[in-house]
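Chain by chain, the residues run as shown.
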Amino acid sequence: MKMSARHFGCIVVFVTALGASAQTVDTIDAELRGRIDRIAAAVLEQTGVPSASVAVVKGGKLVYTHAYGKARLEPSVAATTEMRYSIGSISKQFTAAAILMLQEEGKLSLDDAVGKYVPGLTRGDDVTIREILSHTSGYQDYWAEDYVMTPMLKPESAQQILDTWAKKPLDFEPGTKWQYSNTNFVVAGRIVEAVAGEPLMDFITARIFRPLGMKSVWNSDEAKLTAVDATAYYRHALGPLRVAPKEGRGWMFAAGELAMTAHDLALWDESLMAQTVLKPESYKQMFTEVKLKDGKGTQYGLGVGVDDRDGHRSIHHSGEVSGFVSDNEVLVDDGVAVAVLTNQDAVGAASMIARMAAPAVLGADSRTPAERQALAIYRNLQQGRIDRSLLAPNLNDYFTQEAIEDYRASLAPLGEPLSFTQDREELRGGMTFRTFRIAYPTSRLTLTTYTYPDGKLEQYLIAPAD
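To start, this report covers the structure provided alongside it. (Residues numbered from 1 in each chain as written. Predicted model: local features only at pLDDT ≥ 70, side-chain atom pairs only at ≥ 80, totals over all residues. Heavy atoms only, no water.)

1. A closer look at the layout of surface pockets
Where we set the bar: A pocket here means an open set of points on a 1 Å grid, computed over the protein atoms alone, that has protein on both sides within 12 Å along at least five of seven lines. A cavity is instead a set of points where a 1.4 Å probe fits but cannot get out; residues with an atom within 4 Å of a point line either one. Grid points are joined across faces, edges and corners, and a volume is the space filled by probe spheres set on the points. Strands are runs of DSSP state E lasting at least 2 residues, helices are runs of H or I lasting at least 4, and numbering of each runs from the N terminus. We call Asp, Glu, Lys and Arg charged. Ala, Val, Leu, Ile, Met, Phe, Trp, Tyr, Cys and Pro are nonpolar, and the rest, Gly among them, are polar.
Counted as a void, the largest pocket has a volume near 870 Å³. Along its surface, the largest pocket is lined by 40 residues, and Met 356, Pro 359, Ala 360, Ser 419 and Thr 421 are the ones closest to its centre. When contributions to the lining of the largest pocket are tallied by element, the ones reaching two or more residues are α2 (30-47), β11 (324-331), α10 (349-362), α11 (369-382), β13 (419-428), β14 (431-439) and β15 (444-451). Sort the elements by how many residues they give to the lining of the largest pocket and α10 lands first, with 9 residues. The class makeup of the residues in the lining of the largest pocket is 18 nonpolar, 7 polar and 15 charged. Here the second largest pocket is characterised by a volume of approximately 260 Å³. Lys 224, Leu 225, Ala 230, Ala 232 and Phe 324 are the residues nearest the centre of the second largest pocket, which is lined by 21 residues in total.

2. Comments concerning the sheet that holds strand β10 (residues 312-321)
Operational definition: A pair of strands is considered paired only if DSSP assigns at least 2 bridges between the two. Between two residues, a contact is recorded if the distance between any of their heavy atoms is within 4.5 Å. Interaxial angle, 0 to 180 degrees, is taken between N-to-C directions of lines fitted to C-alpha atoms, where a helix line uses only the stretch in contact.
Spatial ordering of the open sheet is given by β3-β2-β1-β12-β11-β10-β9, a layout of 7 strands whose pairing is antiparallel. The open sheet has two free edges, formed respectively by β3 (77-78) and β9 (305-309), since each of these has just one partner strand. Here β10 pairs with β11 via 8 bridges, running antiparallel. Residue Ser 314 lies in a different strand from β11, and its bridge partner there is Leu 331. Along the sheet, α2 makes contact with β1 (51-58) and β2 (61-72), crossing β2 at roughly 30°. Contacts between α10 and the sheet are confined to β1, β9, β10, β11 and β12 (336-342), with β12 contributing the most and set at about 155° to the helix.

3. Things to note about the nonpolar core
To keep it simple, the criterion reads: Definition of nonpolar core: a set of buried residues of the types Ala, Val, Leu, Ile, Met, Phe, Trp, Tyr and Cys, connected through side-chain atoms within 4.5 Å. A 1.4 Å probe rolled over the protein chains alone gives each residue an accessible area, and that area as a share of the maximum for its type sets the label: buried under 20%, exposed over 50%, partly exposed in between.
Counting 94 residues, the largest nonpolar core has Phe 94, Leu 133, Ile 191, Ile 208 and Trp 268 as its most contacted members. In contact with Leu 133, not counting residues within four places along its chain, are Ala 96, Ile 99, Leu 110, Phe 185, Ala 188, Tyr 300, Gly 301, Leu 302 and Gly 303.

The structure is reproduced here in structure tokens:
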């Protein structure tokens, strides 16, 4: 699996979802609302995924929730914002937060060996809690596949998972490689229970969900989602959508057991930005990229991916369980987050929506000068115009009337891009070379530019993205 998950839990949390009035939020301007709606609708059409539930945080506050498509196909039921979806491996960050809370209380340390709390594991005296939370332990993943294998249809326990996968020889020396493994978080969940003296779900419900008002949370490992929630789907190749099988009880413990509304996941995102659940030092550890022993980066912190999204620090994770895929993108320094939940497995619609919507939420003010200039030229070319004062002699010659007309004829029908972002920048030939990604509902373009130190453009070429 990608950043996904499967796991085992103990109790069902809040057994009824909130009403629509509590889950529907709309305080954004019409232009941004239209952009997000276009992105979501276009991705669903392109991928064939039945539905998506989206929540947007801007300025550190939840500002928009909306559901798109069909939560159930037979009988046809439209998706609504109060419906729950499984969030898969996004659950891992809640397990990581529980570990960090226990560290704050002096009950454990990230540098403790896992064998101190869970005996009998391979190299348990060498593997640390930090290494299991960052996927650098060497424990083999028990669910790497993007489908439910036959043995997973039967109940399993966390201990049985550990007895099978965490007592094998390690895949590598602890701390020397990064390899995603759901097994790591089964170990983490057992540590929380051993130290806290209560079930993991009880702990995170009392310490996270109730304080943040996340009233829709459901332990989908313990019980299937209800008839008023989204239905899980999958398909064979390009065949018809079919109701997805449910994993056996116990397979998703601590690694992917949670289901909730996009609204409530966004409440968690608000807390990540405001740092209201953990102490600042804990967030720093959670959000800091873990380095391997040779100094190489992993692009992963503790239960979260850490990355740079076009110059903006992103704390993110995707998730997948049978019939559901999710994505949560949090630009923590910008007060922006986009949570997307979908109800078909093995398709990247959730990430597509989240990664196109986040720049739209950031808005034009967040664009670099190079992005603003490149987009302005793009819009002019869509209208058959070019500002020749921006062009060096060679590029001025390149943009003949024929070239301008070809740009206009091919780009104008596409309309306003869903996103227009710089991808990379480097020096070459005494100039600055930049690439930009231009996204539309059903197509992607690449723009390359060369700029002299005096600001004149030597190149501005658009082509289909690879």
